[in-house]
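Chain and residue survey
What follows is each chain in one-letter form.
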Amino acid sequence: MPVFTCAHRGASSTHPENTLSAFAEAVALGCEMVEFDVRATADGALLILHDPSVDRTTDGTGQIWDLSCKEIRQLDASADHEGFGRIQIPTLDEVLDTLPSSIELNIHIYPGPADGSAIVAGVCQEIEVRNLYGSAIIAGSDEVMEIVIATDDRVRRCLLGSQGRANIYARLARDFGCTNIQPLHRITTPALCDEAHRFGLVVHPFYADDETEMWRLIDCGVDGILTNCPRRLIALRQALVSDS
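The following paragraphs examine the structure supplied in this document. (Residues numbered from 1 in each chain as written. Predicted model: local features only at pLDDT ≥ 70, side-chain atom pairs only at ≥ 80, totals over all residues. Heavy atoms only, no water.)

1. What to know about the overall build of the protein chain
For clarity, the threshold we go by: Numbering of helices and strands runs from the N terminus; a helix is a DSSP stretch of H or I covering at least four residues, while a strand is a stretch of E covering at least two. Our radius of gyration is a C-alpha quantity, and the globule rule it is checked against amounts to 2.2 Å times the number of residues to the power 0.38. Note on classification: 1.4 Å probe, protein chains only; a residue is buried when its accessible area is under 20% of the maximum for its type, exposed when over 50%, partly exposed between these limits. In what follows, residue pairs with any heavy atoms lying within 4.5 Å of each other are defined as contacts.
Broken down by element type, the protein chain carries 9 helices and 9 strands. Its C-alpha atoms give the protein chain a radius of gyration of 17 Å, within 12% of the compact-globule value 18 Å for 244 residues. Projected onto the principal axes, the alpha-carbon positions of the protein chain cover approximately 50 × 45 × 35 Å. Burial statistics for the protein chain: of 244 residues in total, 55% are counted as buried. Sequence separation of 24 or more characterises 53% of the internal contacts of the protein chain that already satisfy a separation of 6 or more.

2. Some thoughts on helix α1 (residues 20-29)
So the rule is basically this: Directions from the helix axis toward the C-beta atoms define the arc.
Three or more residues of α1 are buried, namely Ala22, Phe23, Glu25 and Ala26. Projected onto a plane normal to the axis of α1, the buried residues spread over an arc of 160° and lie on a single side. Of the residues trailing α1, glycine 30 is marked for its positive phi of about 95°.

3. Brief notes about the nonpolar core
Which entries qualify depends on this criterion: Here, the term nonpolar core denotes a set of buried Ala, Val, Leu, Ile, Met, Phe, Trp, Tyr and Cys residues that are joined through side-chain atoms within 4.5 Å.
Counting residues in hydrophobic clusters, the biggest one holds 55 residues, and the most contacted among them are Phe36, Val38, Leu105, Val123 and Ile138. The element that contributes the greatest number of residues to this core is helix α4 (residues 116-129), accounting for 5 residues. With 11 residues, the next largest nonpolar core counts Ile64, Cys69, Ala77 and Ile89 among its residues.

4. A look at the packing of helix α6 (residues 166-175) against helix α7 (residues 190-198)
For clarity, the cut-off: The axes are straight lines fitted to the C-alpha atoms, using for helices just the contacting stretch, and the angles between their N-to-C directions are given from 0 to 180°. Throughout, the term roughly parallel applies to angles under 35 degrees, roughly antiparallel to angles over 145, roughly perpendicular to angles from 65 to 115, and oblique to all others. Crossings are assigned a handedness: left-handed for a near helix turned anticlockwise from the far helix by less than a right angle, right-handed for a clockwise turn. Throughout this entry, Asp, Glu, Lys and Arg are counted as charged residues, while Ala, Val, Leu, Ile, Met, Phe, Trp, Tyr, Cys and Pro are counted as nonpolar. The remaining residues, Gly among them, count as polar.
In contact at an axis separation of 9 Å, α6 and α7 are set at 20° when each is read in the N-to-C sense. Here α6 is positioned roughly parallel relative to α7, judged by the angle of their axes. The handedness of the crossing between α6 and α7 is right-handed. Here α6 contributes Ala166, Asn167, Ala170 and Arg171 to the contact with α7, which in turn contributes Leu192, Glu195 and Ala196. Taken together, the residues that form the contact of α6 with α7 break down as 4 nonpolar, 1 polar and 2 charged.

5. Quick look at the pairing of strand β2 (residues 33-40)
Where we set the bar: A crossover gets the label right-handed when its path from the first strand over the helix to the second runs clockwise, viewed with the strands pointing away from the viewer. If DSSP finds at least two bridges between two strands, the strands pair.
With respect to burial, β2 is a largely interior element, 8 of its 8 residues being buried. The side-chain alternation of β2 yields two buried faces, one formed by Met33, Glu35, Asp37 and Arg39 and the other by Val34, Phe36, Val38 and Ala40. The β-α-β motif built from strand β1 (residues 4-8), the intervening α1 and the parallel element β2 has right-handed crossover chirality. Sheet topology note: the β2/strand β4 (residues 104-109) ladder contains 6 bridges and is parallel. Across the sheet, aspartate 37 pairs through a bridge with histidine 108, a residue of β4. When β2 meets strand β3 (residues 46-48), the two strands line up antiparallel, connected through 3 bridges. Counted as the bridge partner of valine 38 is isoleucine 48 from β3. The loop that links β2 with its antiparallel partner β3 comprises 5 residues; one of these, glycine 44, has a positive phi angle of about 85°.

Okay, structure coming up:
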C-alpha cells in the first residue's frame, strides 16, 4: 500500500467537518485513519470541534470554554453543507462509540485557556477504558506531549508544530517518545521523511487535497496523508497499485 488515507475532520470536503456523518463517510470510503479535534466546554464536557469558537461551523456564537455542553449541543453544526438536516457537535464518547476498532484514531487535543491537563486526562481515560492503546494517538503541541507523558505514557503520541523548526522536528518527536509526526505539507521533504524513519516515526503530513501535492508527498516517502478529500486520495492510491 503506497500510503494510508487519514480523513481530516472526517470526509470534510463533502460532509460537515468533525461530525458523525463525516466520520461515517470516511469509514465507508475505506480510510485507515480518521483525524478529529477535542476541546472542552465550560462544564468540562469533551466535544469534537476544531475552532476555539462555534461561530464558523454552527449557527451559534461564542468560545467553547464559555459555553455549556447543553448550549453547544443545541446548535446546528451542518455549517454550509446542504441536505444534512440538523446536526449536533458530537461528544468524544459518541465518536469513539461510532468508529470501528479497525480504524486508527488521530486525536488532536486543543487545550483552552486553563484546561489542558483536564482534557488530556479525559482522553487518556477513554483510551485506557476502551483499550485503544493500539489504535489511538494523541496529537498536539509540545505542552500536550508533556501532559500526556505525565498522565499515561502508554498512550501513543504525535508531535505537531513543525513550522519554523523543520530541522529539529523529527528529533524533538523522538525525544518526546512519539510514534508519529504530522509535518506541515510544505516542509515535508525526502530528507525529513528519511530522518523520521530512521527514528522509527510514522510520517503523515497535514495536508493534501489536490493530486499534484498528493503525488509529491508520496514521492517524498510519507506513510500516510491527511486530506479533506479522502475519496480522491483513495482513487489515486488505487490507480498507483493498479499500475505497479
